Amino acid sequence: MSAEDVLVLGETKQGTPTDMTLELAACARQLASQTGGQAVVVLLGPEGKQAATQVADAHRVVVVEDDILATYTPAPYLELLSHLVDQSKPIALLVGSTSVGLDVAPLLAARMNLPIVGGCQKISAENGALKVTASFCAGKMLADVEISATPAVLMLLPGSYRAGGGAAPQVEIIRSPIALDPGPVCFEQMILPAATDVDITQQEVLVAVGRGIQQQDNLALAEELAEALGGAVCATRPIVDQGWLPLTRQVGKSGMTVKPKLYLALGVSGAPEHVEGLKGAGLIIAVNTDPKAPIFETAQYGVVADLLDVVPAITEALKAKTN
Amino acid sequence: MNIAVVLRQVPDLIETLEIADDGTRLDYGAARFIVNEWDNHALEQALLLKESEGSSVTVVALDFGEVDNTLYEASAKGADTIVKIPWDSEEPPALRQAAALYAEVLRGIGAELILVGCQSHDELEGPLAPQLAFTLNLPYVGVVRGVQPGDQPGSIRVFKEFPGAVVARMSVRLPALIGVLAAEKAPRYVPVSRIRAAMKSTPIRESQVDVPQAAAPVNVLRLYVPEAPERAEMLDGSAEEVAERICQILAEKGLLR
Amino acid sequence: MIQASKKAVDEGRTLTLLEEVLASPEGESVLTCMQCGVCSGSCPYGEVMKYPPRQIIQEAIAGADADLISSPSVWMCVGCYTCAKRCPRGIDLTDVVWPALRDQALQRGIQPPTELRVAFQNLYLYGNLLGISPRKRLDWAKDLDVTVRDLSRQPEPVEVLWLVGCYPSYYPRNQIVTRAMARLLTAMGVRWGVLGKDEKSLGDCDRLFGEEGLFELLVENNHKLFRQHQFDRLLLTDPHGFRALQKFYPRYGIEVPAQHYTMYLAEKIDQLKPLLVRAIEATVTYHDNCCVGRRCDCYEPPRELLRIIPGLKLVEMPRNREIALCCGGGGGGMWLDGHITEHGGKRLSDERVLEAAGTGANILAVSCPFELSRFEDSIKVTGLEGKLVVRDIIELLAESMGLEERKKA
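Residues numbered from 1 in each chain as written. Chains lettered and ligands numbered in written order. Predicted model: local features only at pLDDT ≥ 70, side-chain atom pairs only at ≥ 80, totals over all residues.

A. Representation of the overall build of chain A in the model. The secondary structure content of chain A amounts to nine helices and 17 strands. Its C-alpha atoms put chain A at 65 × 45 × 35 Å along the principal axes. Out of the 323 residues belonging to chain A, those deemed buried represent 56%. (Helix = DSSP H or I, 4+ residues; strand = E, 2+ residues; numbered from the N terminus. Buried ≥ 20, exposed ≤ 12 C-beta atoms within 10 Å, placed from the backbone.)

Structure representation (structure tokens):
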């Protein structure tokens, strides 16, 4: 590996690379095309072998195997990454803004005294210098940043790059080149969420229904759409007040505050009490018959239509896409 | 157990943020400041440990923004000692400068457990908490939802959150610094009368530290407000056409399963 | 016992509920309670409270208040003043017992329902209940076609210092009424001004919430403002704020002439009458707000204002004046909907709009900022859309005066 290569810390989940990893690889590939190097993705632990070939945008995937890497703990990750960065001296190490990334990236930058930028949305290289557009103050501001010293540690925000375009990567499986010590942090147990009613505050996709749903029977349409999207149904207060959904599904001032990546607002007018609960939402798409509905001032995309027409069409289109 | 908490002031996002004349920095003079949300959770977690374990809680903050109000509120909530670190500039310190400042004061406090919010919305150079842990040569785990006493003395148990509400239980040998995502309970409300009483009765300890040199930060070329449409982009056409377009948008944003 | 309570306050000792009640003005009246239960029977949420008002007094006097303090009942009063109004002993439960109860809960570390906690935080940080920047307090006046004297920018003597209030300043539906009020005052030739970014809540709600410290903080802020500016009287859009100025500010030595707008305009009815040039052909029923109505026994001024509108026919709901049903928004009710629903309480506003529709009225007239959104919401839920609309008296007057919403050229 040369100074032009881009290194990525990938992550796996149940034997497949995470979406973030695929995005990171896509970003790395684009960056490597500007530096004339390669996109090299590192996967740590026993699942890496199975996941490696699926990271299509990587030129190379290096899988490091060691018993201690079966679950995440900070010290071995840090030791290993320091070693890899030290050995390969890439132009940048890309890490996702994930639970692992938020630990490891800053620890590594601190330890190796490297420049670091968080909240990256766009990364490019010009004449050996890295240029980054980063989100600042929860996305209220953007900063164009220049970094001259390399390697740089760059933390990528999810949803910034689209995966796809690469061929099958070259996969290399190695034993850890250094002895790894568990350190003072010890993994004990994974705890899965209890199977009670859906916790809408933890959902990444929410299909919200308002009074435009008209009848309780029509909720099935929203349920079906939520299922196709891998999300859950939530509602405005009037829907909950009618007893069509439990209070745990209510979004807004007197309900829950949610932060999904996608919020599909169906027949939701967008009363301030409701909108207050979805300040943290990512993409908002609204369907409403009233072109003056205030929800269109909050949403990024809007459709003026009866949800009873549009929703089945979206569900169908989604099913056609995913099958 | 001695616990220390770092409470940082961040620009309050309810105000419209303004950019300084040079176009590369926030106009901090025009900003309103508020305690960092995740640090507030760190404080709550410390107070919960105080209640269950009889720990003592020391809160450390930089003399910046509305720091006095934040410290008195922390005291009213139950913090035992409140410490202010001198800071003269209108702008907050750079990442490694901040870490050096906090580290010097925290070393003097000798806490076994330090709790800091695992992130903050004004960290262009990444989160402070792990950098601070490195500066103090302490082990670090972040994105933690809940800290409990460990089975063995000199250890704690933390719950690190992963996507899909999956949580890893980990044990950590003390001393350690933990990056808090959320306390076990929502940060408590304390009546204003208590805060006002704290203003009268609780002394703020002023620490004296040398301000370290700011290391060369990453170079911000331009700070700007992203172009956000005032209104949604409207999608027209038949139900099928609209559905197709929505699928396309979701695919572009990586939101399809 | 009363002396002992006052002594305990002076010593800064943690009080019992009874001690706190007794130490407050008018608090001694609870000792006259004969446990008749009229209060509990009159309370709109009495049936779903574990501790309805009568029992609160009973527990307080018995000194067994631990379970009471931590029960959901503490956060179920919406400040409608019905219990206080009907108490045969004249015990002012709403202004004395409930705030003390809530203060006790807060002082003992009981956490209020999340929604209310957020409202407290907003008031503490920003001086308004909605958590919006104080710098945006005058956003309602953008593009307005009349002159708004913003005294925070340019102090000058005015006849009327209009305290606009939180909801009327910020909430989109209320802003329409606020703009109508600005036009109306101007059309009447009144020299009026507002406090702009300096205006903060008068704090009536937080006093009823039991957040006495927060109330005091706001009182101090407002006192300073009243001394800074020159005006003949204060005009209030919000009846709760009016109530606070009338009853609680004097306890801090602040006596300022203040009127709710229904009282102010009714006084100027002869001047107003000739300006009402357009007929509003509608059947209107009026909802008495609790503070101006039941609390201050002021029932006629709002009705007089409606009666002078040409074409308008005023009808009464079965529960009107002192027995009017509350909209459920007072005393913190605006921030307790989730809590009250969770504990079995129904929305009073739903019941009220059905009652209004039952009179055959097509307009429900109101004079309190909370009521607009509450009733409009209830109209949607109860299927009355298209049959009943909610209008503030100000809107109706402005419409009759031909003061349409116009943008500045």
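B. Molecular detail of the overall build of chain C. Scanning chain C from terminus to terminus reveals 21 helices and nine strands. For 409 residues, the compact-globule estimate of 2.2 N^0.38 gives 22 Å, and the C-alpha radius of gyration of chain C, at 21 Å, lies within 12% of that figure. When the backbone C-alpha atoms are referred to their principal axes, chain C occupies close to 65 × 50 × 35 Å. Evaluated residue by residue, chain C yields a buried proportion of 55% over its 409 residues. A sequence separation of at least 24 residues applies to 79% of the contacts in chain C between residues at least 6 apart. (Rg over C-alpha atoms; globule rule 2.2 N^0.38 Å. Contact = placed C-beta atoms within 7 Å.)

C. Region of interest: the nonpolar core. Residues Val8 and Val117 of chain A are the most contacted members of the largest nonpolar core, which totals 281 residues. Once residues within four sequence positions are removed from consideration, valine 117 of chain A is found in contact with Val132, Ala134, Val145, Ile147, Ala152, Leu154 and Met155 of chain A together with Leu124, Glu125 and Val218 of chain B. In terms of nonpolar packing, the next biggest core, distinct from the first, is built from 55 residues, Ala232 and Leu278 of chain A together with Val242 and Leu255 of chain B among them. (Core = buried A, V, L, I, M, F, W, Y, C linked by C-beta atoms within 7 Å.)

D. Structural view of the interface of chain B and chain C. The interface of chain B with chain C comprises 10 residues on the first partner and 18 residues on the second. Considering only residue class, the side of chain B that touches chain C consists of six nonpolar, one polar and three charged. (Nonpolar A, V, L, I, M, F, W, Y, C, P; charged D, E, K, R; others polar.)

E. Geometry of the pairing of strand β7 (residues 116–126) of chain A. Residue and element names in this part refer to chain A. Sheet topology places β7 next to strand β10 (residues 152–156); three bridges connect them, and they run parallel. Opposite cysteine 120, over in β10, you have leucine 156 as the bridge partner. Sheet topology places β7 next to strand β8 (residues 129–136); six bridges connect them, and they run antiparallel. By the bridge assignment for β8, isoleucine 123 is matched with valine 132. In this structure, the hairpin formed by β7 and β8 is closed by a connection of two residues, where asparagine 127 is found at a positive phi of approximately 50°. (Pairing = 2+ DSSP bridges.)

F. Spotlight on the sheet that holds strand β10 (residues 176–182) of chain B. One open sheet accounts for 10 strands, arranged β12(A)-β9(B)-β8(B)-β7(B)-β10(B)-β6(B)-β1(B)-β4(B)-β5(B)-β11(B); its pairing is mixed. The open sheet has two edge strands with one neighbour each: β12 (185–191) of chain A together with β11 (204–206) of chain B. When the angles between neighbouring strand axes are averaged without regard to direction, this sheet yields 35°. Of the pairings in the sheet, the one linking strand β7 (residues 140–149) of chain B to β10 of chain B comprises four bridges and is parallel in character. Bridged to tyrosine 140 of chain B within β10 of chain B is leucine 177 of chain B. Its contacts with the sheet put helix α2 (residues 67–77) of chain B on β4 (56–62), β5 (81–85) and β11 of chain B, and the angle it makes with β4 of chain B is roughly 175°. (Axes fitted to C-alpha atoms, helices over the stretch in contact; angles between N-to-C directions.)

G. Quick look at the interface of chain B and chain A. Taken together, the contact pairs 63 residues of chain B with 72 residues of chain A. Those elements giving two or more residues to the side of chain B that touches chain A turn out to be α4 (128–135), β7, β8 (155–162), β9 (166–173), β12 (219–224), β13 (233–234) and α6 (239–252) of chain B. The residue inventory of the side of chain B that touches chain A, partitioned by class, reads 39 nonpolar, eight polar and 16 charged. Both β12 of chain A and β9 of chain B contribute to a ladder of six bridges, which runs antiparallel. Of the residues in β9 of chain B, the one forming a bridge with valine 185 of chain A is valine 172 of chain B.

H. Summary view of the domain arrangement of chain C. Residue and element names in this part refer to chain C. In terms of domains, chain C is made up of domain 1 (2–107), domain 2 (115–267) and domain 3 (274–400). On a C-alpha basis, the centroid separation for the pair domain 1 and domain 2 is 30 Å. Counting residues at the interface gives 10 residues for domain 1, matched by eight residues for domain 2. Of the residues belonging to the side of domain 1 that touches domain 2, the class tally is seven nonpolar, one polar and two charged. (Domains from an automatic or database assignment.)

I. Seen up close, the packing of helix α3 (residues 95–109) of chain B against α4 of chain B. Residue and element names in this part refer to chain B. Relative orientation of the contacting elements α3 and α4 amounts to 55°, with a least axis distance of 9 Å. The pairing of α3 with α4 is recorded here as oblique in orientation. Remark: the crossing between α3 and α4 carries right-handed chirality. Residues Leu95, Arg96, Ala98, Ala99, Ala100, Tyr102 and Ala103 of α3 form the contact with α4, whose own contacting residues are Leu128, Gln131, Leu132 and Thr135. (Parallel < 35°, antiparallel > 145°, perpendicular 65-115°, else oblique. Left-handed = near helix turned anticlockwise from the far one by under 90°.)

J. Just the confidence of the model for chain C, in detail. The pLDDT averaged across chain C works out to 94; a share of 98% of its residues lies at or above 70. With a pTM of 0.91, the predicted complex shows an ipTM of 0.93. (pLDDT = per-residue confidence, 0-100.)

K. Spatial organisation of the sheet that holds strand β11 (residues 170–175) of chain A. Across the sheet, 10 strands lie side by side as β11(A)-β5(A)-β4(A)-β1(A)-β6(A)-β10(A)-β7(A)-β8(A)-β9(A)-β12(B); this open sheet has mixed pairing. Only two strands of the sheet have a single neighbouring strand rather than two, namely β11 of chain A together with β12 of chain B. Averaged over neighbouring strand pairs, the angle between their axes works out to 30° when direction is ignored. Where strand β5 (residues 60–65) of chain A and β11 of chain A come together, six bridges link them in parallel fashion. Of the residues in β11 of chain A, the one forming a bridge with glutamate 65 of chain A is arginine 175 of chain A. Contacting β1 (6–9), β4 (39–44), β5 and β6 (92–96) of chain A, helix α3 (residues 74–88) of chain A runs over the sheet at an angle of about 170° to β1 of chain A.

L. How the structure looks around the environment of cysteine 137 of chain A. Checked against the element boundaries, cysteine 137 of chain A lands in the loop between β8 and β9 (141–147). On the basis of neighbour count, cysteine 137 of chain A is assigned to the buried category, with 23 C-beta atoms found within 10 Å. Along the backbone, cysteine 137 of chain A and glycine 119 of chain A are 18 residues apart, and their C-alpha atoms lie at a distance of 9.8 Å. Cysteine 137 of chain A has contacts with Pro11, Leu13, Leu17, His121 and Asp122 of chain B, leaving out every residue within four places of it along the chain.

M. Local environment of α3 of chain B. All names here are of chain B. The terminal C-alpha atoms of α3 lie 21 Å apart, and with 15 residues this matches the ideal 21 Å at 1.5 Å per residue to within 8%. Of the surrounding elements, those touching the buried residues of α3 are β1 (2–6), β4, β5, β6 (113–117) and α4. Directly beyond the C-terminal end of α3, a positive phi value near 65° is found at glycine 110. (Expected span 1.5 Å × (residues − 1).)

N. Spotlight on α3 of chain A. With 15 residues, α3 of chain A extends 21 Å between its outermost C-alpha atoms, agreeing within 8% with the 21 Å of an ideal straight helix rising 1.5 Å per residue. For α3 of chain A, the set of buried residues is Pro74, Pro76, Tyr77, Leu78, Leu80, Leu81, Leu84 and Val85 of chain A.

O. Just the environment of arginine 135 of chain C, in detail. Within the element layout of this structure, arginine 135 of chain C appears in the loop between α8 (114–126) and β1 (149–150). The exposure class assigned to arginine 135 of chain C is partly exposed, which follows from the 15 C-beta atoms found within 10 Å. Along the primary structure arginine 135 of chain C and asparagine 362 of chain C are separated by 227 residues, whereas in three dimensions their C-alpha atoms are 38 Å apart. Excluding its chain neighbours within four sequence positions, the residues that come into contact with arginine 135 of chain C are Glu15 of chain B together with Lys197 of chain C.

P. Structural view of the pairing of strand β15 (residues 262–266) of chain A. Residues and elements named next belong to chain A. Of all five residues that make up β15, five are buried, and the element is covered over most of its length. Residues Leu262, Leu264 and Leu266 of β15 are buried on one face, and the alternating residues Tyr263 and Ala265, pointing to the opposite face, are buried as well. Both strand β13 (residues 205–209) and β15 contribute to a ladder of five bridges, which runs parallel. The partner of valine 207 across the bridge, within β15, is leucine 264. As paired elements, β15 and strand β16 (residues 283–288) share five bridges and run parallel to each other. Note that in β16 the partner of leucine 264 across the bridge is isoleucine 285.

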